[in-house]
Amino acid sequence: MADEVSIDKTSFHNRLSAINTAWKGDKRSGNHVFGDVGSIVIVMGKADEAQGFHKSNAAQFWLLGYEFPATLFLFTLEGMYIITTKKKAAYLEPLKEGGKTPIEVIVRGKDAEENAKQFERILDLIKNAGKKVGVITKDVSSGPFVNEWKTALGDISKDVEEVDISSAISSVMSVKDENELRSIRNASVASSHVMADYFVDYMSDILDKDKKITHKALCEKIAGKIDDDKFFKWKKAPANFDTLQLDWSINPTVMSGGTFDVRLQSEPDEGNLHAGVIISALGLRYQTYASVIARSYLVDPNKSQEGVYKILLAVHDAVIKELRDGVTAKDVYNRAISVIKSSKRPELAEKFAKNVGTAIGIESRDSSFVLNTKNTRVLKDGMTFSITTAFSEVENPTPQDKKRDAKYALMLSDTVRVNPAGVGEGFVFTKDAPTDMESTSFFFNDDEEEEKKEKPKAKKDSRVGAVASSNITKTRLRGQGAQTANEEKEHARREHQRELHQRKHKLGLEKYKEDHGNLNGTEVKKFKRFESYKRDSQFPSKVKDLIILVDSKNETIVLPIMGRPVPFHIATLKNATTSQEGGFCFLRINFLSPGQGVGRKDDQPFEDPTAQFVRSLTFRSKDNNRMEDIKDQITEMKKASTRREQEKKDMEDVVEQEKLVEIRSRRPHRLDNLYMRPTLESKRVSGNVEVHTNGLRYNHVGSQKVDILFSNIKHLFFQPCVGELIVIIHVHLINPIMIGKRKTKDIQFYREATEMQFDETGNRKRKHRYGDEEEFEAEQEEKRRRAQLDKEFRNFSEKIADACKDHEEIGVDMPFRDLGFNGVPSRSSVTIQPTTDCLVQLTEPPFMVITLTDIEVVHLERVQFGLKNFDMVVVFKDFTRAPAHINTIPVESLDGVKDWLDSVDIPYSEGPLNLNWATIMKTVIADPHTFFKDGGWSFLDTESDDEGSDEEEEESAFEASEEDLVSESSEDESDFDDDASAEASEEDASDDEEGEDWDEMEAKAARKDREGGHDEEEERRPKAKAGSKKR
């Protein structure tokens, strides 16, 4: 057994420290929780499975991970004392080491006299600790050991007062750590699996086949499912899920037929399952941590029952949304009542349960933390609750069975975690079992449907309206029978995209295996330490005056505290403020400390939970000017320190380049009269670019140089001046370099394509030439100049590419202007153009270069009817890189964008809304394996796919009924082409009295079809359905 019992020493000491910390904190804040007790005693008697989990053994499981019968725990602020048998003491001995709290293990033997002395020692420790001792008054433990202890404790009842400590123990255990939350999540997911994937199917099959089964037999059937290991190895099973750790925390309960107990305190009865309102509740336990789930299923419900259930759903959702860090327990219950009273059935408040749940953990129901009107305890991040909302004794106005359906109850239970402040509503662990009306309603009564089918349709004359029923085929109209070229193209594109998405999903599963973990790794934050002075001799000489001294050289402020100069590094300061009061100027210096949350992140971790921190110091002086001067000095020093830290952070990815090897044997290839972006100085001054052995050199006026090595070039672009005012050679780098004081990954060389010297107001040419001749000549000159510029820049870019071949295989890439589209990647609307390898915007800074091979998927947002623009989001294969957004793209470019994405094998999706990509990428980064296992990027295209498939089904299944003919007759004429419409109008005018018969109209329509190229499609069209009129 020694090999089987392994107590987690670290977890034990952490949780013991949590008790002591909460205890000491309560003493400082007024003894509202622990009741000013000096010691705490927890006694566990003999093991009894019938009693289940209660506060005593829950505390043992929480601390040790095991239940130790016949064991006593004594907690004082100075240490912990354990009395137990010799065998169990062997498992507890290792706990003496590795913690801050001293632990003494007292071995209990068979000598009654020695055992009495041990209890006497414990009683002396209790009396010395204080006049109050904390005990669990409702302790259900029993046995000789417990009886002997209670007798001994009764002997000092006059000297020591017993105080119920249950709520205090509950408050410490209620905030769960990561391992506890993982166990509760696993238990909840398994419970949801039993409810949604077993009970619902089994119950509906029984009702559908009119089988008979008692509530008790059904519950036993569900309870036996826990032994089915194969069932608990389902697709959504958590990683490393161990079926041997499962146990029932709440035995399965099924109620129907008017007998309901929403408190789940009664055993299942022998009554048969009744098709009406069915309530099912159960709870699985994983590694001793419990979960609860309950659902109400409505079989052939009436309108009243549906209305009550919708109110219950609204109340349940409101309660879960109210579960936030800092909310009082009674406010959660009051929120539920307010939702009921503001509904259409406010009288249901009288039928509502007296609480909306309890804390859950090792105990399936913590009676000391109930969400009712009396509880004033505050919810905290990490707490878990079993949220239960229920209506009892609700009257059914139209019961199908007056005995069993006259009154019914409705109940919903979920296991929920309280999230941190700012995150939002509580997280539902049992969400896999749906609660919506569609999922919980079952209709087995088909009488109404049969009546509708048997009801004869009114016959109408086939000649009524402009089009006869025989003219309506399986498609809407004659001209729409064949697929157009666009529809075939769209179908091919959808098929290709489906293949791309499947391939991408398969690659994701292969790349991110089950044990891949977080992409960011697990970085352990450490408390930052700073050193102002290494020796006392380095202190400024003025410290002897015991004044506030700002030492800018060492980034330190020296403060006089209790007659000693104490240095504080500027990095430990948050800010300094001054205020005037009563003739004094008060200087307040605030320090950084854990728990404050600097910005969005708190970079000050708790390394030592028992450590104390100084939050602020305040000094006063009558010299207002000096105090203001000190505040300004501190503020300026803080700004300088922050600026240096930011600059250091910005420079982290800047790589120092090798030296440029210049060409000495010949004159290097050079391009003159260029401008560079980003600029080296504020004034726009031209320079030249030279191609050397291993890189480019830009020579700027004033002997300034910028070197770009071929080994650092990722892409080289040439953009002609067609449709632009400048011609460009653009270099996109692998690693950023410094240009002046800024770092950049994009460097551009350009020349303007316009003639700057041309004077619009007149010159010598204009004195001799007038009119169109001069304008034509100027236009031709402009074209020649632009063509010459393009040729010159293209040749130079190819020379750069040729020089790169010895080092890197880089080709000249040129944007495809015909495939370009307008969008807003940064601040202004620009033309974005695809190239062979990239998607670029090179005209206006900031430039945009997206490598196609770096793209994971593309999502098109705000794609819906009526909007003039849509947005594009580019998700990269490096999930830690923020997605790129291109906003406000005209909807006219949508098909072009889709065609281009499809042609370069990039999977895309589309949706009607803008998504929160920061949250999405955090989820992906946290566990990419689970993300791809749950479907990967398929969630992006769910809505659009569903809509598309619905439309196709709707269109293909369309058949015009006789009732629709009249309403559609006015629209049918507009579907013919213009010639047909004109001809029809002429015939109407000439043959108004007589008109044509149907055979002539059919022949004429067929002739028009052949002229329009629809004769082949006409042959392929399905024949008219039986019963329609044939000609």
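For the protein chain, the name recorded in an unreviewed UniProt entry is FACT complex subunit, with Meristemomyces frigidus as its organism. Per UniProt, the comment on the protein chain under Subunit (unreviewed entry) is "Component of the FACT complex."

Caption draft 1: Spatial organisation of the overall build of the protein chain. Scanning the protein chain from terminus to terminus reveals 24 helices and 38 strands. Among the 1031 residues that make up the protein chain, the fraction classed as buried is 43%. The contacts of the protein chain with a sequence gap of at least 6 include a subset with a gap of at least 24, amounting to 64%. For the protein chain, the accessible surface area stands at approximately 58,600 Å², while carbon and sulfur atoms represent 47% of it.

Caption draft 2: Examining the sheet that holds strand S37 (residues 884-890) more closely. Taken in spatial order, the 4 strands of this open sheet run S37-S36-S35-S38, and their pairing is mixed. The strands lining the two open edges of the sheet, one partner per strand, are S37 and strand S38 (908-910). Between one strand axis and the next, the sheet turns through 20° on average, direction left out of account. Pairing geometry for strand S35 (residues 855-861) and S38, over 3 bridges, is parallel. Counterpart to His-859 in the pairing with S38 is Ser-909. Along the sheet face, helix H17 (residues 894-903) touches S35, strand S36 (869-876), S37 and S38 and points at about 165° away from the line of S35. Across the sheet, helix H18 (residues 917-926) touches S35, S36 and S37, and the angle it forms with S36 is around 25°.

Caption draft 3: The nonpolar core, seen in detail. By size, the foremost hydrophobic cluster in this structure holds 48 residues, and its most contacted members are Phe-352, Leu-371, Leu-379, Phe-385 and Phe-391. Elements with a minimum of two residues in this core: strand S8 (277-286), strand S10 (293-299), helix H9 (303-322), helix H10 (329-341), strand S13 (384-395) and strand S14 (407-417). With 9 residues, H9 is the largest single contributor of residues to this core. When residues no more than four places from it in sequence are discounted, the contact partners of Leu-379 are Leu-323, Arg-324, Asp-325, Gly-326, Val-327, Thr-328, Ala-329, Val-332, Phe-369, Leu-371, Phe-385 and Val-418.

Caption draft 4: Representation of the pairing of strand S24 (residues 687-691). Most of S24 is tucked away: 5 of the 5 residues are buried. Residues Gly-687, Val-689 and Val-691 of S24 are buried on one face, and the alternating residues Asn-688 and Glu-690, pointing to the opposite face, are buried as well. Sheet topology note: the strand S23 (residues 669-677)/S24 ladder contains 4 bridges and is antiparallel. From the neighbouring strand, Arg-670 faces S24, where its bridge partner is Glu-690. Where S24 folds back on strand S25 (residues 695-700), the antiparallel hairpin that results is connected by 3 residues.

Caption draft 5: Representation of the pairing of strand S28 (residues 726-739) in the model. For S28, the tally of buried residues reaches 11 of 14 residues, placing the bulk of the element in the interior. In this structure, strand S27 (residues 713-719) lies alongside S28, joined through 6 bridges in antiparallel fashion. Each residue of the ladder has a partner; that of Gln-719, found in S28, is Ile-728. Where S27 folds back onto S28 in an antiparallel hairpin, the turn is made up of 6 residues, including Gly-723, whose phi is positive at roughly 75°. What sits between S28 and strand S29 (residues 742-752) in their antiparallel hairpin is a turn of 2 residues, with Gly-740 showing a positive phi close to 70°.

Caption draft 6: Just the side chain of Thr-101, in detail. On the secondary structure map, Thr-101 appears in the loop between helix H3 (86-92) and strand S4 (103-108). At a separation of 3.1 Å, a polar atom in the side chain of Thr-101 contacts the side chain of Asn-20. If we ignore the near neighbours within four places in the chain, the residues touching Thr-101 are Leu-16, Asn-20, Gly-79 and Met-80.

Caption draft 7: Representation of the sheet that holds strand S26 (residues 704-709). Read across the sheet, 8 strands follow the order S26-S25-S24-S23-S29-S28-S27-S30 without closing on themselves; strand pairing throughout is mixed. Sheet topology places S26 and strand S30 (812-813) at the edges, where each strand pairs with a single neighbour. Taken together, the 10 bridges between S28 and S29 define a ladder with antiparallel strand orientation. Counterpart to Val-727 in the pairing with S29 is Arg-751.

Caption draft 8: Inspection of the packing of aromatic side chains at higher detail. If you walk through the whole model with that rule in mind, you get 28 aromatic pairs. Measuring from ring centre to ring centre gives 6.0 Å for Trp-234 and Phe-241, while their planes differ by 80°; the resulting arrangement is edge-to-face. For the residue pair Trp-234 and Phe-241, the accessibility class agrees, reading buried in each case. Each residue in the set Tyr-512, Phe-879, Phe-931, Phe-932, Trp-937 and Phe-939 is aromatic and connected to the rest through ring pairs, giving one cluster. Above the face of the Tyr-750 ring, Arg-677 is positioned so that its terminal group lies 4.8 Å from the ring centre. If you follow Arg-684 out to its NZ or CZ, it ends over the ring of Tyr-675, 4.3 Å from the centre.

Parameters at a glance
- Residues numbered from 1 in each chain as written.
- Predicted model: local features only at pLDDT ≥ 70, side-chain atom pairs only at ≥ 80, totals over all residues.
- Heavy atoms only, no water.
- UniProt positions renumbered as here; feature names shortened; annotations may be inferred.
- Helix = DSSP H or I, 4+ residues; strand = E, 2+ residues; numbered from the N terminus.
- Buried < 20%, exposed > 50% of the residue type's maximum accessible area, 1.4 Å probe, protein only.
- Contact = heavy atoms within 4.5 Å.
- Areas by Shrake-Rupley, 256 points an atom, 1.4 Å probe, with all protein chains shown as cover.
- Pairing = 2+ DSSP bridges.
- Axes fitted to C-alpha atoms, helices over the stretch in contact; angles between N-to-C directions.
- Core = buried A, V, L, I, M, F, W, Y, C linked by side-chain atoms within 4.5 Å.
- Polar contact = N/O pair within 3.5 Å; in protein donor to acceptor, adjacent residues only side chain to side chain.
- Phe/Tyr/Trp six-rings, centres within 6.5 Å; stacked < 30°, edge-to-face > 60°.
- Lys NZ or Arg CZ within 6 Å of the ring centre and 35° of its normal.

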